[in-house]
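# Results of the structural survey
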Amino acid sequence: MSTIDDHGILLDSGTNEVEIAEFFIGNRSFGTNVAKIREFVPFLQESVTKIPDAPESVEGVFVLRDHSIPVVNLKTYLNIQSTQSDEHHHTYDRPVVIVTEFNDLINSFIADSINQIHRISWDDLDPVDPLIVKYGSNITGSYHIEDREILILDLENIISNIFPEHM
């Protein structure tokens, strides 16, 4: 038996699967649950309006379908430095804005590029080691595909850290 979820994605009932969107920040691979993503849009710096006194990781806001949406720069928030060796061999090889919706809030995040969506079993997700949780509450798990470890980002936690009054 198959069902279509809220985002029009066909999922087989009882398969215990999740879809993870993989994206890159620097040369590091991250992912998040597709169910939290509304869409991907190209990042255009000129479309972002700076906000006075905003946290450093908040690029500003941009307008998408008549809504002002905050833009969080994940590279800045996660303190990932760019290097000359950041080689991208990804599906979409330009900066992209990941527009999300959760907790009745629409936010967005800049990533260097997106790669693809992986459908995996929940059983394939590795829990975060307790030592890592102590120092990195933004990671909820990881999984391995090909030669990459994809760290699953907790975008809700990032938003609650930046905008605690909204969570």
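Counting of residues starts from 1 at the beginning of each chain's written sequence and follows it residue by residue. In keeping with the model being predicted, local features are shown solely for residues with a pLDDT of at least 70 and side-chain atom pairs are shown and tallied solely at 80 or more, while totals for entire chains, interfaces and linings include all residues. Hydrogens and water molecules were not included; the side-chain quantities draw on all heavy atoms of the structure.

## Here we look at the overall build of the chain
Going by this rule: Strands are runs of DSSP state E lasting at least two residues, helices are runs of H or I lasting at least four, and both sets are numbered from the N terminus onward. Any residue under 20% of the maximum accessible area for its type is buried, any over 50% is exposed, and the rest in between are partly exposed; the area is computed with a 1.4 Å probe on protein chains only. A contact between two residues is defined here by any heavy atoms of the two lying within 4.5 Å.
A count of helices and strands for the chain gives three helices and 13 strands. Relative to its 167 residues, the chain shows a buried fraction of 43%. A separation threshold of at least 6 residues defines the contact pool for the chain, and within that pool the share at least 24 residues apart is 56%.

## Things to note about the nonpolar core
Note the threshold: Working definition of a nonpolar core: buried Ala, Val, Leu, Ile, Met, Phe, Trp, Tyr and Cys residues. They are joined through side-chain atoms within 4.5 Å.
Membership of the largest hydrophobic core comes to 24 residues, with the highest contact counts inside it found for Phe23, Phe30, Leu74, Phe109, Leu153, Leu155 and Ile158. Mapped by element, the contributors of at least two residues to this core are β3 (17-25), β8 (96-102), β9 (105-111) and α3 (155-162). Element by element, the count of residues in this core is highest for α3, at four residues. Among all residues touching Leu155, those that are not within four sequence positions of it are Thr32, Leu74, Thr100, Phe102 and Phe109. Core analysis: the second largest hydrophobic core is formed by 10 residues, Phe43, Val48, Val97 and Ile110 among them.

## Observations regarding unusual backbone geometry
A positive phi is found at Asp104, a non-glycine position, where the angle reads about 60 degrees. Under the relative-accessibility criterion, Asp104 is labelled exposed at 78%. At Glu146, a residue that is not glycine, the phi angle is positive and equals roughly 50 degrees. As for its placement among the helices and strands, Glu146 is situated in the loop between β12 (139-145) and β13 (148-153).

## Section: the side chain of Ser142
For Ser142, the location among the structural elements is in strand β12. Its relative accessible area of 7% is what places Ser142 among the buried residues. For Ser142, the contacting residues outside a window of four places in its chain are Asp124, Leu125, Asp126, Glu149, Ile150, Leu151 and Ile152.

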